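# Structure at a glance
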Amino acid sequence: MKLAGKKIGILFEADYFENEIFYYKFRFPEEGAEIHFLTRLWGQDKITFLGHEYRAPMDCYESFENMSDEELRSYDAIIVPSGMVSDRLRYTEDVEKIPPATEFLKRVFAEPGILKGIICHGLWLVAPATELVKGRKLVCHNNLIGDAKAYGAIYTNEDVVVDGDLITGRSGGHAHLFAKKIIETLSEAN
């Protein structure tokens, strides 16, 4: 078990890409990792989200909001998945403020001990805080190449790109390669 004792957080929302999320749900624990799906719970105990392709329901019980620094540092990796998840998480009630999910991502990026994973359209969550990827090598969905360049990132035409503590993947269809690189990187950190 390459990830025994490791803790991985996966941001989560409606319209998730089932194939990707279900792959993570089973693949990371298969290597011994503890996984947590994190969202905005809006004061509820849980929210049931429906997937994008098959409308598969999946419950989420944990929030990234109000997470203490100590709890945040207990994570070895935080993943922003593909598809519409990041677009939904970009919502903010106050247009003068950065979305809570992006504020959380800024906290994650401030922690060098946490591996950051962004795949496909997950890059959208960075839009309000482009300094997180400025000058960094990454890959994203082909539809977001212009966005990545506008953010000041160095677009790299590979399926998975590693730039220090940032691992990026091209699309949800590359989730297996993305997860493999996360597993390799976290297991090397032991």
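Sequence order as written defines residue numbering, which begins from 1 separately in each chain. Under the rules for a predicted model, residues below a pLDDT of 70 receive no local features and side-chain atom pairs below 80 are neither given nor counted, while totals for whole chains, interfaces and linings still include all residues. As a rule here, side-chain values come from all non-hydrogen atoms in the structure, and water together with hydrogens is ignored.

Of regular secondary structure, the protein chain possesses six helices and eleven strands. Here the C-alpha radius of gyration of the protein chain, 15 Å, is about what a compact globule of 190 residues would show, namely 16 Å. Projected onto its principal axes, the C-alpha coordinates of the protein chain cover approximately 45 × 40 × 35 Å. Whether two residues are in contact is decided by their heavy atoms, any of which lying within 4.5 Å being enough. Sequence-distant contacts, at least 24 apart, represent 67% of the contacts inside the protein chain between residues at least 6 apart. Approximately 8,800 Å² of the protein chain is accessible, and the part contributed by carbon and sulfur atoms is 49%. Counted charges follow a simple rule, with Lys and Arg positive, Asp and Glu negative, and His plus the chain ends left uncounted. Where a charge lies is defined by one atom per residue type: Lys uses NZ, Arg uses CZ, Asp uses CG and Glu uses CD. For the protein chain, the centre of its 22 positive side-chain charges and the centre of its 30 negative side-chain charges are spaced 4 Å apart. Every helix listed is a DSSP run of H or I at least four residues long, and every strand listed is a run of E at least two residues long, numbered separately from the N terminus. All radius of gyration figures rest on C-alpha atoms, and the globule criterion is 2.2 Å times the number of residues raised to 0.38. Here, Shrake-Rupley sampling with a 1.4 Å probe gives the accessible areas, and only protein chains in the shown set may cover a residue.

Within soluble globular proteins, side chains that are nonpolar generally end up buried alongside one another. Only buried Ala, Val, Leu, Ile, Met, Phe, Trp, Tyr and Cys residues count toward a nonpolar core, and they belong to the same one when joined by side-chain atoms within 4.5 Å. Throughout this description, buried means an accessible area under 20% of the type-specific maximum (1.4 Å probe, protein chains only), exposed means over 50%, and partly exposed covers the range between. By size, the foremost hydrophobic cluster in this structure holds 65 residues, and its most contacted members are Ile8, Tyr24, Phe28, Phe104 and Leu123. The leading source of residues in this core is helix α6 (residues 175-188), at six residues. Among residues more than four places away in sequence, those in contact with Tyr24 are Ile10, Pro29, Ile35, Ile79, Ile119, Ala175, Phe178 and Ala179.

Mapped onto the elements, Glu131 comes out in the loop between β7 (115-119) and β8 (137-138). In this structure the C-alpha to C-alpha distance between Glu131 and Gly152, which are 21 residues apart in sequence, comes to 8.0 Å.

Given a helix with a known number of residues, its expected span is that number minus one, times 1.5 Å. When the terminal C-alpha atoms of helix α1 (residues 18-30) are compared, their 18 Å separation across 13 residues agrees well with the 18 Å that a helix rising 1.5 Å per residue should span. Along α1, the residues classified as buried are Glu18, Glu20, Ile21, Tyr24 and Phe28. On its buried side, α1 packs onto β1 (7-11), β2 (34-39), β4 (57-60), β6 (77-80), β7 and α6.

Next up on the list: the sheet that holds β2. Two strands form a pair only when DSSP identifies at least two bridges running between them. Spatially, β5-β2-β1-β6-β7-β11-β10 is the arrangement adopted by the seven strands of the open sheet, whose pairing is mixed. If you trace the sheet from one side to the other, it starts and ends with β5 (62-63) and β10 (160-163), each paired once. Of the pairings in the sheet, the one linking β6 to β7 comprises four bridges and is parallel in character. Its bridge partner being in β7, Ile78 is matched across the sheet by Lys116. Inter-axis angles, ranging from 0 to 180 degrees, are taken between N-to-C directions of lines fitted to C-alpha atoms, where helices are fitted over the stretch in contact. α1 rests against β1, β2, β6 and β7 of the sheet, and its axis sits at about 150 degrees to β2.

Attention now goes to the pattern of salt bridges. Counted as salt bridges are all cases of a side-chain nitrogen of Lys or Arg within 4 Å of a carboxyl oxygen of Asp or Glu. Within this structure, the stated rule accounts for 14 salt bridges. As a salt-bridge pair, Arg27 and Glu30 come within 2.7 Å of each other at their nearest N and O atoms. With Arg27 and Glu30 both in helix α1, this residue pair falls three residues apart, about one helical turn. With a closest N to O distance of 2.8 Å, Asp69 and Arg107 form a salt bridge. Remark: Arg107 occurs in helix α4 (residues 100-109) and Asp69 occurs in helix α2 (residues 69-73); sequence separation between them is 38 residues. Look at Asp69 and you get partly exposed, because its relative accessible area is 38%. By relative accessible area, Arg107 is classed as partly exposed at 26%. A cluster of three or more residues bridged by salt bridges with shared partners is formed by Asp15, Arg55 and Arg88.

Keep in mind these values describe shape, not function.
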